[in-house]
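Residues per chain, in single letters:
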Amino acid sequence: MAMTLNEEQRHLRDTAREFLLARAPVAALRALRDDRDPLGWSRELWAEMAGLGWAGIVIPEEFGGLEFGFTGLGAVLQETGRTLTASPLYATCVLGTSAILLAGDQKQKQAVLPRVAAGETCLALALEESHHHDPLGVRLRAERHGDGYRLNGAKQFVLDGHSADLLVVVARTAGEPGSGQGISLFLVDAAAPGVARRRTATMDSRNVARIEFQDVEVPVTALLGAEGESWPVLEQVLDRGRAAIAAEMLGGAQECFQRTVAYLKQREQFGVAIGSFQALQHRAAAMFIELELLQSVVMDACAKVDEASPLLPMVASLAKARANDTIELVSNEAVQMHGGIGITDQLDIGLFLKRARVTMQILGDARYHRARYATLRGF
Amino acid sequence: MEDLEQFRIEVRQWLEANCPPSQRTPASPEEQYWGGRNATFASGDARVWFERMLARGWTVPEWPREYGGAGLNGQQARILKKEMVRLGCRAPLYGLGVWMLGPALLEFGNEEQKREHLPAIAEGRLRWCQGYSEPNAGSDLASLQTRAEDHGDHFVVNGSKIWTSQADRSDWIFCLVRTDSSARKQAGISFLLIDMATPGVSVTPIKLINGSSEFCQTFFDNVRVPKQNLVGVLNEGWTVAKGLLRHERKLMSETADTVTTAAHTPIECARRYLPFADGRIQDPLMRDALARHEMQMHAIGLTQLRILEEARTGTGSGATSLIMKYCGTEEEKRKYELMMAMMGSQGIGWEGEDFDAAEIDTARQALFTKALSIAGGTSEVQLNIIAKRALELPGVI
């Protein structure tokens, strides 16, 4: 049980806040967008973040990481949510790293993780194949071919898919879409023949890709875990991803809210601060309540990862569902309470709204997670 | 730390040896012992349990020994509470004297008042009720009009108090009264203790929408109250009242889930009244509504843990606790609306053999939950408090 940060973790969070405000504030995302940067993130910044140890924050020391745990990583992601910082932190250090940590063998970990921790290799998880989160709906085929496998199919909504060096591809080696049997994970070189990547332009100006796999041949050593048996481990990877993205969303929602409350105190109409109107006060108080509840469930979800708790699936769904509902509420109210300026590109609030809408689609929306929570509770 | 561990072991052993098995289950309202001049115990075991706890000072464990307590520090009191919860022990004594007036007297009362009233509360000899709200002073409590006029060695009190919980079974009442009508609202209010056996005090129960009469209206008609019953400074009773309200809100947020002892949980309710297929509620909207409720309770529970942990480690802003009264009571209302929706026309029974006890209980409790977000500061007042204290928004309230 850890519902609060310890001293080390608080120090990490404070360092992250200071660093991000100085080196990667919201203006940095704006610049990447306005310059139509082909990468969508800054290699210099990522090198600095890796220098702070963030690239290896959950990687064990034996593979060159900090072994700081998900509570620490969550605290950093919360800060990147506040500054809308674009970086490989989520796709590489949460999704890709977790897949290799949980499914890979010693040799695979040794080959990849030290390079990830050093900031030299970026990863992406190629999972989704339709416009709604559906991890069991995998159709991409991996067939035995000679000494290895041959992959055919297409993925979409692959976070950092256009820039990653290695792809963790969720494939089907047996069974039909909808079944957990026959799901396998492969580690695929993004530059391998037959891999075609296209960056997708999403409203948050961040980095998502469609990837086609046409007769992509991989050796048997590319298989992460046992053939056809990877559904349970994939679920663990996804639950870590849900807890972590909820942490980023918490930070984004908190920042959006604090900027809005500051505006309520500053903006005057009818000769008084609009924050003195009870109609707005109660709506602001309602958001405060939602944010407090969200903070509790995010803290618990990250702690449950660190404790390897069997309750993680339930709390991860709780956190992601709540994060979705709360950030939708807060981003909408933020725009409305800012009035006319709230719908301009000039004000940052719109950038928070747009990032919110993308994160809401990552690894399941609120309906998906309420239904999953109900299933896990037995109703 | 070692001393605390030793204390825990002793407490556990003593409770196991001394708490009768019949007192280790949740107490129904009839089984709770509230004390007072006319109180009776529900059973011989209840009396034994009360007397054993009293002998150790554990009816009010944190109060000093000279006033009937055990003088436990905060950590020791938490250990005792935890061990009682672990074993399922009932509280030996209930009442506003234990929860609210006692702590206020310890903070604001003079020595004479502490000696007169605290042991009587600790020993369950007198039962107290609270006189705050008036027919024309609810959320705007400071506009209260019950007057106490100075007549030399005593006050003469006139007016009435409403929502005085169980005043018809109480011996004494602690009241807010106006002692200076020329002063600005909060400034002319005093905190007064009144023996309800005094001539001129009368009580009328108020029948509620659920058929029960938990609350009363209490009338004061030229009631003589000795001056020594004034707590704190004349015209500064608001300070005492604010301290007391904090205790009440804390209590309500802590006990929101036990205020109503439900006949069945929402999940049990779903299993009984809704069709399932493949282990799932068939109706996706009902299923989603139940998931929303269960997830809200889960989040509230985790937030309670976070508040405790932040208090223990000295982290956090302290503002989080401001949300708990609102969250707890609002969700309790939603829970009962959800159960009524699941039960359909079996959820609207009032009495008679067409409904079983759980059905009638649920319907009546559903009606009673409407009181939770009104009593002890309405939900709207809670939002005002959050806006003012946590968000520091400007305003008149």
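Residues numbered from 1 in each chain as written. Chains lettered and ligands numbered in written order. Predicted model: local features only at pLDDT ≥ 70, side-chain atom pairs only at ≥ 80, totals over all residues. Heavy atoms only, no water.

## Quick look at the overall build of chain A
On a plain count of helices and strands, chain A comes out with 11 helices and 10 strands. Computed over its C-alpha atoms, the radius of gyration of chain A comes to 21 Å, within 12% of the 21 Å expected for a compact globule of 379 residues. Taken along the three principal axes of its C-alpha coordinates, chain A extends 80 × 50 × 40 Å. A total of 379 residues make up chain A; the buried ones form 60% of that total. Restricting to contacts in chain A with at least 6 residues of sequence separation, those with at least 24 account for 75%. Averaged over its 39 positive side-chain charges, chain A has a centre that lies 5 Å from the centre of its 46 negative ones. (Helix = DSSP H or I, 4+ residues; strand = E, 2+ residues; numbered from the N terminus. Rg over C-alpha atoms; globule rule 2.2 N^0.38 Å. Buried < 20%, exposed > 50% of the residue type's maximum accessible area, 1.4 Å probe, protein only. Contact = heavy atoms within 4.5 Å. Lys, Arg positive; Asp, Glu negative; His and termini not counted. Charge placed at Lys NZ, Arg CZ, Asp CG, Glu CD.)

## Some words on the domain arrangement of chain B
As a measure of interface size, the accessible area lost when the parts come together is often cited. According to the domain assignment, chain B consists of domain 1 (2–94), domain 2 (128–236) and domain 3 (260–390). One C-alpha centre belongs to domain 1 of chain B, the other to domain 2 of chain B; they are set 31 Å apart. (Domains from an automatic or database assignment.)

## Here's the deal with empty space enclosed by the protein
All names here are of chain A. Enumeration over the complete set of coordinates arrives at six cavities of 30 Å³ or more. Taken as a whole, the largest cavity holds about 180 Å³ of empty space. Lining the largest cavity are 16 residues, and of these S87, Y90, R206, E248 and R355 lie nearest its centre. Of all the elements in the fold, those that place two or more residues in the lining of the largest cavity are α4 (69–83) and α5 (89–103). Ranked by the residues each element gives to the lining of the largest cavity, the list is headed by α5, at three residues. Class assignment for the residues of the lining of the largest cavity results in seven nonpolar, four polar and five charged. In this structure, the second largest cavity encloses a volume near 100 Å³. (1 Å grid on protein atoms, 1.4 Å probe; cavity = no way out; pocket = protein on both sides within 12 Å on 5 of 7 lines; lining within 4 Å. Points joined across faces, edges and corners; volume = space filled by probe spheres on them. Nonpolar A, V, L, I, M, F, W, Y, C, P; charged D, E, K, R; others polar.)

## Re the packing of aromatic side chains
Residues and elements named next belong to chain B. All told, the structure shown has 16 aromatic pairs over all chains when counted by the stated rule. Relative to W58, the ring of W14 lies with its centre 5.2 Å away and its plane at 80 degrees, an arrangement referred to as edge-to-face. Pair noted here: W14 is in helix α1 (residues 2–18) and W58 is in the loop between α2 (44–55) and α3 (74–87), with a separation of 44 residues, a long-range link. Residue W14 shares its accessibility class with W58, and that shared class is buried. When the ring of F174 is compared with that of F191, the centres are 5.9 Å apart and the planes differ by 20 degrees; the resulting orientation is stacked. (Phe/Tyr/Trp six-rings, centres within 6.5 Å; stacked < 30°, edge-to-face > 60°.)

## Comments concerning unusual backbone geometry
The residue A308 of chain A is not glycine, and still its phi comes out positive at about 50 degrees. By the secondary structure assignment, A308 of chain A is in the loop between α8 (278–306) and α9 (312–338). We classify A308 of chain A as exposed; its relative accessible area is 65%. At N222 of chain B, a position not held by glycine, the phi torsion is positive, near 50 degrees. With respect to the helices, strands and loops of the structure, N222 of chain B is situated in strand β7 (residues 215–226).

## A closer look at the side chain of H282 of chain A
Positionally, H282 of chain A belongs in helix α8. For H282 of chain A, the contacting residues outside a window of four places in its chain are E380, L383 and N384 of chain B.

## Looking at the environment of V223 of chain B
Residues and elements named next belong to chain B. The topology assignment puts V223 in strand β7. On the accessibility criterion, V223 (0% relative accessible area) is buried. Distance in space between the C-alpha atoms of V223 and V157 is 5.0 Å, their sequence separation being 66 residues. Setting aside its immediate chain neighbours within four residues, V223 contacts F155, V156, V157, I194, T198, P199, G200 and V201.

## Brief notes about the domain arrangement of chain A
All names here are of chain A. Examined at the domain level, chain A breaks down into domain 1 (7–121), domain 2 (124–229) and domain 3 (232–377). The gap between the C-alpha centroids of domain 2 and domain 3 is 30 Å. Counting residues at the interface gives 17 residues for domain 2 and 16 residues for domain 3. Taken together, both faces of the contact between domain 2 and domain 3 bury some 1,300 Å²; the carbon and sulfur share is 74%. Considering only the surface of domain 2 that becomes buried against domain 3, H133, M203 and D204 emerge as the three largest contributors, covering 38% of it. At the junction of domain 2 and domain 3, the tally comes to one salt bridge. Linking R355 and D204 is a salt bridge whose minimum nitrogen-to-oxygen distance equals 2.7 Å. Summed over the shared surface of domain 2 and domain 3, the result is two residue pairs in polar contact (both at pLDDT 80 or more). Of all the elements in the fold, those that place two or more residues in the side of domain 2 that touches domain 3 are β3 (148–159) and β5 (183–189). Tallied by class, residues from the side of domain 2 that touches domain 3 come to nine nonpolar, four polar and four charged. (Buried area = accessible area lost by both parts, 1.4 Å probe. Salt bridge = Lys/Arg side-chain N within 4 Å of Asp/Glu carboxyl O. Polar contact = N/O pair within 3.5 Å; in protein donor to acceptor, adjacent residues only side chain to side chain.)

## Some words on helix α5 (residues 111–122) of chain B
Residue and element names in this part refer to chain B. Under the 1.5 Å per step criterion, the end-to-end length of α5 is 16 Å for 12 residues, consistent within 8% with the ideal 16 Å. Taken together, the buried positions of α5 are occupied by Q113, K114, H117, L118, P119, A120, I121 and A122. For α5, the elements touching its buried residues are α2, α4 (96–108), β1 (128–131), β4 (172–178), β5 (189–195) and β8 (230–231). The positive-phi residue at the C-terminal boundary of α5 is G124, with phi of around 70 degrees. (Expected span 1.5 Å × (residues − 1).)

## Describing the interface of chain A and chain B
Facing 42 residues of chain A, the contacting portion of chain B comprises 42 residues. Of the roughly 3,500 Å² buried between chain A and chain B on both sides combined, carbon and sulfur atoms contribute 65%. If you sort the residues of chain A by the area they bury against chain B, I289, R370 and F379 of chain A come out on top, with a joint share of 21%. The residue E294 of chain B makes a salt bridge to R377 of chain A at a minimum N-O spacing of 3.1 Å. Inspection of the chain A/chain B interface yields 20 residue pairs in polar contact (both at pLDDT 80 or more). Counting residues per element, the ones that place at least two in the side of chain A that touches chain B are α7 (231–266), α8, α9 and α11 (366–377) of chain A.

## Notes on the pairing of β5 of chain A
Residues and elements named next belong to chain A. Counted residue by residue, β5 has six buried out of seven residues, so it is predominantly covered. In this structure, strand β4 (residues 166–172) lies alongside β5, joined through seven bridges in antiparallel fashion. Across the sheet, the residue bridging to V169 is F186, located in β5. One ladder, built from two bridges, connects β5 with strand β8 (residues 223–224); its direction is antiparallel. Bridging from a neighbouring strand, F186 pairs with L223 of β8. (Pairing = 2+ DSSP bridges.)

## Quick notes on a positive patch on the surface
Residue and element names in this part refer to chain B. On the surface, a cluster of positive charge is contributed by K242, R246, K388 and R389. At the level of secondary structure, the elements contributing two or more residues to the positive patch comprise α6 (237–259) and α11 (379–390). You can see R246 is positioned in helix α6. R246 sits in the exposed class, given a relative accessible area of 55%. (Patch = residues over 30% accessible without salt bridge, like charges linked within 9 Å, V, L, I, M, F, W, Y side chains within 5 Å. Areas by Shrake-Rupley, 256 points an atom, 1.4 Å probe, with all protein chains shown as cover.)

## Details of the nonpolar core
Nonpolar side chains in soluble globular proteins tend to be buried together. Ranked by size, the top nonpolar core spans 140 residues in total, and within it W54, Y90 and F257 of chain A carry the most contacts. Here this core takes 18 residues from α7 of chain A, the largest share from any one element. Discounting residues that sit within four places of it in the chain, W54 of chain A has contacts with L12, A16, F19, L20, M49, V76, L89 and C93 of chain A. W172, F191, V231 and L245 of chain B belong to the second-largest nonpolar core, a separate cluster that totals 37 residues. (Core = buried A, V, L, I, M, F, W, Y, C linked by side-chain atoms within 4.5 Å.)

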